[in-house]
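So you can see what is in the structure, the chains are spelled out below.
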Amino acid sequence: DTLVFENSGSQELSPAINTRTIRHYNKLSSLTVPVELELYKDIESIRFGLGLGTSYSVVFGQEGRLLKDELTVVDYSQSNKRYTNFLSFRATPSIGYKLSEKLMVNALCTIGIQSHGDNSFTNLKENSLTIMPAVGVSLNY
C-alpha cells in the first residue's frame, strides 16, 4: 500500500512501513436468563459453594467496529448483526461469611463460556469468556 522513492528522479522502490490506526469499539446489550444448581459446604461460619449451570442470552442491542480482513473495517449494529442470541455454560465458585443465622456476606465469581458460531463478517468461529465477580449480602428467611 505504501510506495517510497529514494529521490524524486529515481524509479527504484525502497521498503517502507505504513502504520494505520483504527479505533475499535464494541457494545452489547443482552438479557440473560440463568439456570444454575449450587452445592455448598458450611464449616463453622464460612460457606464454600459451587454453582453449575447454563444461561440463555437474548441480544437486543449491539454496536461496534472490527476488521474483516487485513484492510477492510466493518461497522456492525443491531440491523447488521455480529451476534445472535446465545447459550452459555457457567460455573460460580463462592465463599461466604455468616454474620448471623439469617445474614451472610458473600463473594462470588461467575465464569461463563459462550459459542457464538461463525461470524458473518470474518467467517471465523467465535467463542467468548465472561468473568463476573460480585460481592453481596444474602438474607435467609
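In what follows, the accompanying structure is described. (Residues numbered from 1 in each chain as written. Predicted model: local features only at pLDDT ≥ 70, side-chain atom pairs only at ≥ 80, totals over all residues. Heavy atoms only, no water.)

1. Quick word on the environment of L71
Among the structural elements, L71 can be located in the loop between β2 (46–67) and β3 (73–77). Classification of L71 as exposed rests on a relative accessible area of 54%. Spatially, the C-alpha atoms of L71 and R20 are 9.8 Å apart, while their sequence positions differ by 51 residues. (Helix = DSSP H or I, 4+ residues; strand = E, 2+ residues; numbered from the N terminus. Buried < 20%, exposed > 50% of the residue type's maximum accessible area, 1.4 Å probe, protein only.)

2. A word on the side chain of E126
Structurally, E126 can be placed in strand β6 (residues 125–139). With relative accessibility at 14%, the residue E126 sits in the buried group. A polar side-chain atom of E126 sits 3.0 Å from a polar atom in the side chain of R82. Every residue in contact with E126, bar those within four places of it in the chain, is listed here: R82, Y83, Q114, S115, H116, G117 and N119. (Polar contact = N/O pair within 3.5 Å; in protein donor to acceptor, adjacent residues only side chain to side chain. Contact = heavy atoms within 4.5 Å.)

3. Some details on the packing of aromatic side chains
Geometry of an aromatic ring pair is reported as the spacing of the ring centres plus the angle between the planes. Overall, the coordinates contain zero aromatic pairs when judged by the stated rule. Above the ring of Y40, the side-chain terminus of R47 is found at 3.8 Å from the ring centroid. (Phe/Tyr/Trp six-rings, centres within 6.5 Å; stacked < 30°, edge-to-face > 60°. Lys NZ or Arg CZ within 6 Å of the ring centre and 35° of its normal.)

4. What to know about the nonpolar core
V59, L66, V74, Y76, Y83, F86 and F121 together form the largest nonpolar core, which totals seven residues. Of all the secondary-structure elements, those providing two or more residues to this core are β2 and β3. The residues touching F121, leaving out its near neighbours within four places in the chain, are L66, K68, V74, Y76, N80, K81 and R82. (Core = buried A, V, L, I, M, F, W, Y, C linked by side-chain atoms within 4.5 Å.)

5. Brief notes about a nonpolar patch on the surface
Taken together, the side chains of L31, V33, Y56, V58, F60, L87, F89, I111, I113, L129 and I131 define a hydrophobic patch exposed on the protein surface, amounting to about 1,100 Å² of accessible area. For the nonpolar patch, the secondary-structure elements that each account for two or more residues are β1 (26–43), β2, β4 (86–98), β5 (103–118) and β6. In terms of residue count, β2 provides more of the nonpolar patch than any other element does, three residues in total. A relative accessible area of 36% places V58 in the partly exposed class. (Patch = residues over 30% accessible without salt bridge, like charges linked within 9 Å, V, L, I, M, F, W, Y side chains within 5 Å. Areas by Shrake-Rupley, 256 points an atom, 1.4 Å probe, with all protein chains shown as cover. Salt bridge = Lys/Arg side-chain N within 4 Å of Asp/Glu carboxyl O.)

6. What to know about the pattern of salt bridges
Going through the model one piece at a time under the given rule, you end up with five salt bridges. For the salt bridge of D42 with R47, the shortest nitrogen-to-oxygen distance reads 2.7 Å. A relative accessible area of 16% places R47 in the buried class. The salt bridge involving D75 is made with R65; its shortest N-O contact spans 2.9 Å. With D75 in strand β3 and R65 in strand β2, this residue pair connects regions lying 10 residues apart in the sequence. For D75, a relative accessible area of 39% corresponds to the partly exposed category.

7. Some points on the layout of surface pockets
The volume enclosed by the largest pocket comes to roughly 230 Å³. Taken together, 16 residues line the largest pocket, and the ones lying closest to its centre are L28, F86, Q114, S128 and T130. At the level of elements, β1, β2, β4, β5 and β6 are the ones that each hand at least two residues to the lining of the largest pocket. If one sorts the elements of the lining of the largest pocket by residue count, β5 sits on top with four residues. The residue inventory of the lining of the largest pocket, partitioned by class, reads four nonpolar, 11 polar and one charged. Taken together, E36, E38, Y40, R47, G51, T92, S94, M104, N106, L108, S138 and N140 make up the full set of residues lining the second largest pocket. Secondary-structure elements contributing two or more residues to the lining of the second largest pocket are β1, β2, β4 and β5. Residue composition of the lining of the second largest pocket, grouped by class: three nonpolar, six polar and three charged. (1 Å grid on protein atoms, 1.4 Å probe; cavity = no way out; pocket = protein on both sides within 12 Å on 5 of 7 lines; lining within 4 Å. Points joined across faces, edges and corners; volume = space filled by probe spheres on them. Nonpolar A, V, L, I, M, F, W, Y, C, P; charged D, E, K, R; others polar.)

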